[in-house]
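Here is how the chains run, residue by residue.
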Amino acid sequence: MKKKIKQQKVTKFSELENKVAALWTRVSTERQEENNCSLETQGRICREYAAKHGITIKKQYGGTHESAKTEGQLYRQMIAEVAKDRDINVILVYSFDRFSRAGNEAIMTKAYLKTKGIYVISATQQTDPDSAAGEFMENIIFLFNQFENSLRRDKAVTGMTACLERGEWYGKAPLGYDHKKVGKTHILTVNDTGRILKKAFLWKANEGMSDIEIVERLALEGLRIDRKHLNKILHNPFYCGYIRHNLLGYDEKGEPILVKGTQEKLIDEATFDKIQGITHVGYEHQEETELFPLKRHVRCSDCGGYLTGYTVKSRGRDYYKCNKMGCKSNHSTERLHELYCALLNTYSIPRPLVPILTKVLHKVFREYNQERSDTRTLLLKNKSELERKQLELKIRCGLGEIDKDIYNATSAHLSDQLTQIHKALQEAERDLSNEKKYIADVIEMSCKLGTLWQEGDFRTRQKLQNLVYPNGILYDKHLGSYRTENENEVFRIFRTISTGYIIEKEKAAKEKTPLSPLVGMRRLERPTPTSRT
């Protein structure tokens with residue numbers, strides 16, 4: 001026969017002889033505290049209620065900013081301590097929404113406390129905790145509080161979505177930006193940290209530096225950031241003038257919808273797009289392996305997947321393979337490295353053409369500098385014109401000829417144009433120092449690309465291959481060779497020159513074949529060996 005469990009009898013609230021309470025006060029926000037619901041006001045009203053109804057306050061909890069939508073740490077701690085205290089039988093609150101706004105969770109917590117003989121009493125909302133009607137009314141209040149929160153959340157989400165669709169970022173400013181709100185307008189501007197962070201984008205785009213190297217350089221500049229955070233920043237379109245957010249949704253392809261933002265751009269779109277071709281989100285979270293410099297650089301021509309590296313310890317050999325299911329692309333590192341060096345050597349400039357190429361490059365640089373000078377003159381002219389328009393706009397606004405909204409919109413438009421001109425001026429004014437040495441170094445390097453890659457350390461190899469093939473390279477396993485769909489334009493020209501020179505040289509050699517010594521005496525050509533069938 002089963003033993004019956006004796007249930008603890010709960011004394012009704014009205015029959016409690018000694019009512020001992022734990023006082024609980026809290027506000028969610030500073031605005032709520034300012035609207036006649038401060039912690040002091042809650043405590044005063046609760047104490048007046050306790051004195052009037054013969055309730056002794058033993059402990060006081062809360063007294064801070066904590067949301068009532070979810071059960072926070074202080075709230076859970078208060079419930080646990082009160083449930084263990086044999087003296088306390090009342091939790092006294094200013095109103096039921098100060099106890100909790102979590103709906104069903106609040107109802108379950110209140111029911112749990114009641115099994116312990118503890119009642120939740122509101123000083124401003126009179127209910128009968130002993131009757132079914134009173135308990136039902138309390139539950140309705142909890143559910144209504146949750147419903148009210150849901151309505152506020154929906155309204156807030158609608159407002160936040162509208163803000164994002166206008167191109168304004170309402171949340172915490174990303175690293176490198178300052179955020180301020182003027183009226184209902186959110187304004188984000190690049191700060192000193194952002195100006196340092198801009199160098200990271202330029203290092204990645206122009207020098208092909210790894211994330212680790214960039215982190216180290218930024219630390220020297222005074223900006224300490226971890227590698228994962230940097231990788232996310234380099235792929236965040238916010239820094240080139242676009243906004244991406246879950247509230248904006250996704251397109252038919254499942255890609256996040258981008259909205260052109262009103263924030264100040266840190267970099268231009270061309271630089272950002274170039275970085276996306278060099279590196280990918282999260283790819284640099286693992287340590288790079290010295291044995292496999294072509295890892296995540298060479299792609300399989302069949303499926304487009306990047307090759308990864310692995311070692312067969314029993315054979316003591318290293319291999320590259322494609323990890324995509326069904327693709328059987330598998331190659332020895334020795335073979336792929338040998339072919340890669342041979343491919344880089346096709347960019348070598350023949351020595352007899354070096355003086356000619358040097359003159360050509362000098363001419364190109366002079367023309368480029370002249371073009372940049374003309375551009376600078378035009379930009380300065382446009383800058384003066386925009387500054388004149390800004391001054392006229394301020395005068396007309398001061399005289400009351402235009403209203404404030406039109407002034408703000410026009411001023412923001414002119415400021416954006418001026419910002420673009422300032423950036424273009426910085427680019428146009430940048431001077432190339434020691435042109436002769438620079439050209440000599442470029443030509444010297446281009447004459448031995450394969451050797452540089454073969455003898456270089458891991459980082460040197462990475463920089464070189466990303467410089468020549470910024471978007472990676474394909475390997476055709478059927479032909480057993482690389483395919484160069486995208487390559488650096490400068491090196492493409494070098495390869496064209498080198499290939500053309502070799503073809504012309506071979507052609508000239510065939511047209512002017514020297515006769516052998518025997519021909520001069522006997523008028524006979526030296527016999528040639530027959531090919532084997």
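Residues numbered from 1 in each chain as written. Predicted model: local features only at pLDDT ≥ 70, side-chain atom pairs only at ≥ 80, totals over all residues. Heavy atoms only, no water.

### What about the environment of Thr377?
Phase 1 of the analysis: Among the structural elements, Thr377 can be located in helix H12 (residues 354–398).
Phase 2 of the analysis: Assessed through its relative accessible area of 51%, Thr377 is described here as exposed.
Phase 3 of the analysis: Through-space distance from the C-alpha of Thr377 to that of Leu425 is 9.3 Å; in sequence the pair is 48 residues apart. (Helix = DSSP H or I, 4+ residues; strand = E, 2+ residues; numbered from the N terminus. Buried < 20%, exposed > 50% of the residue type's maximum accessible area, 1.4 Å probe, protein only.)

### Overview of the nonpolar core
Phase 1 of the analysis: Leu294, Tyr340, Leu344, Tyr469 and Tyr482 are the most contacted members of the largest nonpolar core, which totals 33 residues.
Phase 2 of the analysis: Ranked by size, the runner-up nonpolar core spans 30 residues in total, among them Leu164, Leu197, Leu230 and Ile267. (Core = buried A, V, L, I, M, F, W, Y, C linked by side-chain atoms within 4.5 Å.)

### Observations concerning the sheet that holds strand E9 (residues 298–300)
Phase 1 of the analysis: Taking strand neighbours across the sheet as the criterion, the 3 strands line up as E9-E13-E14 in an open arrangement whose pairing is mixed. Only two strands of the sheet have a single partner each, and these edge strands are E9 and strand E14 (481–483). Going from strand to strand, the sheet's axes swing by 40 degrees on average, the running direction of each strand aside.
Phase 2 of the analysis: In this sheet, E14 lies alongside strand E13 (residues 473–476) in antiparallel orientation, the contact comprising 3 bridges. What sits directly across from Tyr475, in E14, is Tyr482. (Pairing = 2+ DSSP bridges. Axes fitted to C-alpha atoms, helices over the stretch in contact; angles between N-to-C directions.)

### A short note on the packing of aromatic side chains
Two aromatic rings, taken as a pair, are described by how far apart their centres are and by the angle between their planes.
Phase 1 of the analysis: Applying the stated criterion across every chain, the model contains 16 aromatic pairs.
Phase 2 of the analysis: Aromatic pair Tyr310 and Tyr319: ring centres 5.6 Å apart, planes at 20 degrees, arrangement stacked.
Phase 3 of the analysis: By relative accessible area, which is 9% here, Tyr319 ends up buried.
Phase 4 of the analysis: Centroid distance Tyr340 to Trp453: 5.1 Å. Interplanar angle 50 degrees. Geometry classified as tilted. One end of the pair, Tyr340, is in helix H11 (residues 333–345); the other, Trp453, is in helix H15 (residues 449–455), with 113 residues separating them in the sequence.
Phase 5 of the analysis: Grouped by ring-pair contacts, the aromatic residues Trp24, Tyr75, Phe96, Phe99 and Phe142 constitute a single cluster.
Phase 6 of the analysis: The lysine or arginine in question, Arg217, covers the ring of Trp203, its NZ or CZ lying 5.0 Å from the ring centre.
Phase 7 of the analysis: Above the plane of the ring of Trp453 lies Arg461, whose end atom (NZ or CZ) is 4.4 Å from the centre. (Phe/Tyr/Trp six-rings, centres within 6.5 Å; stacked < 30°, edge-to-face > 60°. Lys NZ or Arg CZ within 6 Å of the ring centre and 35° of its normal.)

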